[in-house]
Amino acid sequence: MVKVNPVLLHKTGSQVRQEIRACIGCSECIQACPAVAEPITIDMLNRETVSGEISGPVARFARSCYQCGACVPPCPVGLHREAMMMWLKVRLLSTE
Ligand code: SF4
Ligand code: SF4
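Keep in mind that this is a model prediction, so the values were computed, not measured.

## Digging into the overall build of the chain
Working step 1: When you go through the chain residue by residue, the secondary structure sums to five helices and zero strands.
Working step 2: Counting helices and strands in the order they occur from the N terminus, the chain gives α-α-α-α-α.
Working step 3: For the chain, whose C-alpha radius of gyration is 12 Å, the value lies close to the compact-globule estimate of 12 Å for 96 residues.
Working step 4: Based on the C-alpha atoms only, the size of the chain along its principal axes is roughly 30 × 25 × 20 Å.
Working step 5: Among the 96 residues that make up the chain, the fraction classed as buried is 41%.
Working step 6: Long-range pairs, those at least 24 residues apart, make up 70% of the contacts in the chain between residues at least 6 apart in sequence.

Shown next as structure tokens:
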């Protein structure tokens, strides 16, 4: 498993995993995101944010996220997709 330096992030790995467990899979965050350029499911995004191989679509999405925060207000359960994306970005860099 890839170790990510938590100092670089505004949420720790355990906080990100906690947020992903709390996600109800509504996809409101993805629908609000101006950086989504190809079909991506919330299940694959959540899974690949914290474990396993990062697929091409998820890697491209992670690279294109520019931390605008537009994904946060629409979340009905108050989660921070932008923080999850930052974690995914660093995880992606760590695996390249
Ligand atoms: S922070 Fe990233 S994932 Fe969220 S809306 Fe902006 S570009 Fe999309
Ligand atoms: S908007 Fe919130 S609950 Fe819905 S998929 Fe995104 S993070 Fe999960």
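## A few points about the environment of C75
Working step 1: With respect to the secondary-structure elements, C75 resides in the loop between α4 (56–64) and α5 (81–95).
Working step 2: Spatially, the C-alpha atom of C75 lies 9.6 Å from that of A32, the residues being 43 residues apart in sequence.

## Side note on the pattern of salt bridges
Between side chains of opposite charge, a pair can form when the charged atoms approach closely.
Working step 1: Tallied over the full model, the rule gives two salt bridges.
Working step 2: Notably, a salt bridge pairs E19 with K11, separated by 3.5 Å at the nearest N-O pair.
Working step 3: For E19, a relative accessible area of 10% corresponds to the buried category.
Working step 4: Of the charged contacts in the structure, one is a salt bridge between E38 and R60, with a shortest N-O distance of 2.8 Å. Note that E38 is positioned in the loop between α2 (28–32) and α3 (42–50) and R60 in helix α4, a separation of 22 residues in sequence.
Working step 5: The exposure class of R60 is partly exposed, given its relative accessible area of 45%.

## Notes on the site of ligand 1
Working step 1: Looking at ligand 1, there are 13 residues lining it, with C33, C65, C68, G69 and C71 nearest.
Working step 2: Tallied by class, residues from the shell around ligand 1 come to ten nonpolar, two polar and one charged.

## Structural notes on the environment of A83
Working step 1: Take A83: it is sitting in helix α5.
Working step 2: In sequence terms A83 and G69 are 14 residues apart; their C-alpha atoms lie 9.0 Å from each other.
Working step 3: For A83, the contacting residues outside a window of four places in its chain are H10, K11 and V16.

Calculation notes
Residues numbered from 1 in each chain as written. Chains lettered and ligands numbered in written order. Predicted model: local features only at pLDDT ≥ 70, side-chain atom pairs only at ≥ 80, totals over all residues. Heavy atoms only, no water. Helix = DSSP H or I, 4+ residues; strand = E, 2+ residues; numbered from the N terminus. Rg over C-alpha atoms; globule rule 2.2 N^0.38 Å. Buried < 20%, exposed > 50% of the residue type's maximum accessible area, 1.4 Å probe, protein only. Contact = heavy atoms within 4.5 Å. Salt bridge = Lys/Arg side-chain N within 4 Å of Asp/Glu carboxyl O. Near = heavy atom within 4 Å. Nonpolar A, V, L, I, M, F, W, Y, C, P; charged D, E, K, R; others polar.

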